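Here's the letter readout for the chains.
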Amino acid sequence: MIKTVLTIAGSDSGGGAGIQADLKTFCAFGVYGMSVLTSITAQNTQCVLGIHDLPARFVSLQLEAVLTDIGADAAKTGMLSNSGIIRAVCQKIRQHRLGNLVVDPVMVAKSGDRLLREDARETLKRELLPLATVVTPNLPEAGVLSGKTISTRQNMRDAAKIIFDLGSRYVLIKGGHLKGKAVDILYDGDTFAEFESKRIHTRHTHGTGCTFSAAIAASLALGRTVPEAVAMAKKYISLAIEKGLPLGEGHGPLNHLVHPPSEP
Ligand code: PXL
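The text that follows walks through the structure, step by step, so that each part is easy to find. Residue positions within a chain follow its written sequence, with the count starting from 1. Only residues with pLDDT of at least 70 are given local features in this predicted model, and only at 80 or more are side-chain atom pairs given and counted; all residues enter the totals for whole chains, interfaces and linings. With hydrogens and water set aside, each side-chain value is computed from the structure's full complement of heavy atoms.

Method remark: on a 1 Å grid restricted to protein atoms, a set of points is classed as a cavity if a 1.4 Å probe fits but cannot get out and as a pocket if it is open with protein on both sides within 12 Å along at least five of seven lines; lining residues have an atom within 4 Å of a point. Grid points are joined across faces, edges and corners, and a volume is the space filled by probe spheres set on the points. Taken as a whole, the largest pocket spans an internal volume of roughly 1,100 Å³. Lining the largest pocket we find 50 residues, and of these Lys110, His177, Thr205, Thr208 and Gly209 sit closest to its centre. Here a strand is any run of E in DSSP of at least two residues, a helix any run of H or I of at least four, and the numbering for each starts at the N terminus. Sorting the residues of the lining of the largest pocket by element identifies β1 (4-12), α1 (18-28), β2 (32-43), α5 (139-146), β8 (182-187), α7 (208-221) and α8 (226-242) as the ones contributing at least two each. By the convention adopted, Pro, Cys, Tyr, Trp, Phe, Met, Ile, Leu, Val and Ala count as nonpolar, Lys, Arg, Asp and Glu as charged, and the other residues, Gly among them, as polar. Residues belonging to the lining of the largest pocket are distributed by class as follows: 16 nonpolar, 20 polar and 14 charged.

Encoded structure:
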């Protein structure tokens, strides 16, 4: 039977990030994608023109619709915008015992626009992270979650320990914002694994974080372990960045149509 994967995230009208990136990634991995929208952004490759949050109770209703009927072998969260939405999502995840949950703690867009209200950071830390199989902060997000400034690999390891204590089973800190090679660090509370790839010099990286976490969720649904899923997702985004699309005048999207790897 085809595996089912759910994204709980915002819409990017430009098609490069958010729900759109997630569904394209699910297609590439050959899993059945479903989407619960949290917010609608009016956005292109250059900027966010506006953000319209859906009412938390309508986020709940979408989750109820999907989880009482189709169910999900894995899920990911992206832009959650405010505390009410985060609480609604947590309540449904607990009620339906959703496992294989990838939490991408989205805070700002590539353009610098804020996608998570500052007062919602605590709710995300306290309520959502304990439900996560893996949380995937980039360096600025890991800085906010850990309360530390991160500029070296050792800083990344120290921050991973602090974030692990917030309750997720794994922490993946993405080192894309560090100089040099792109190194991501995965921590399971015991050991560190490093995932390295060469840096690709391009500005067409809009939606990289969304695509990465969606690819991890798809791989988990396909029965991979977390370290295997991270390795496969990393190979997929590296290729998708390499083949990135020079659309629009700003940060163009990745090319989601590249083939995902069949092995980690
Ligand atoms: O990459 C973070 C992100 C998440 N969700 C939506 C976005 C973005 C970045 O632009 O637009 C809807």
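A separate point is the site of the ligand. Neighbouring residues of the ligand: Gly10, Ser11, Asp12, Ala17, Gly18, Gln43, Met79, Val106, Ala109, Leu115, His206 and Cys210. Distance and chemistry together define a polar contact, namely a pair of N or O atoms within 3.5 Å, with one atom able to donate a hydrogen and the other to accept it when in protein, and with adjacent residues in sequence counting only for side-chain atoms on both sides. Between the ligand and glutamine 43, the relevant distance is 2.6 Å, taken from an oxygen atom to a side-chain nitrogen or oxygen of the residue. In short, Shrake-Rupley with a 1.4 Å probe defines the accessible areas, and a residue's cover is counted only from the protein chains shown. Calculation on the ligand without its partners gives an accessible area of 310 Å², and the protein chains cover 93% of this total. Of all the cavities here, the one that holds the ligand is the largest pocket. Ranked by the residues each element gives to the shell around the ligand, the list is headed by β1, at three residues. Split by residue class, the shell around the ligand holds six nonpolar, five polar and one charged. Whether a residue is near a molecule or strand depends on its heavy atoms: if one lies within 4 Å, it is near. The way we define it, a molecule is inside a pocket or cavity when more than half of its atoms are within 2 Å of that pocket's grid points.

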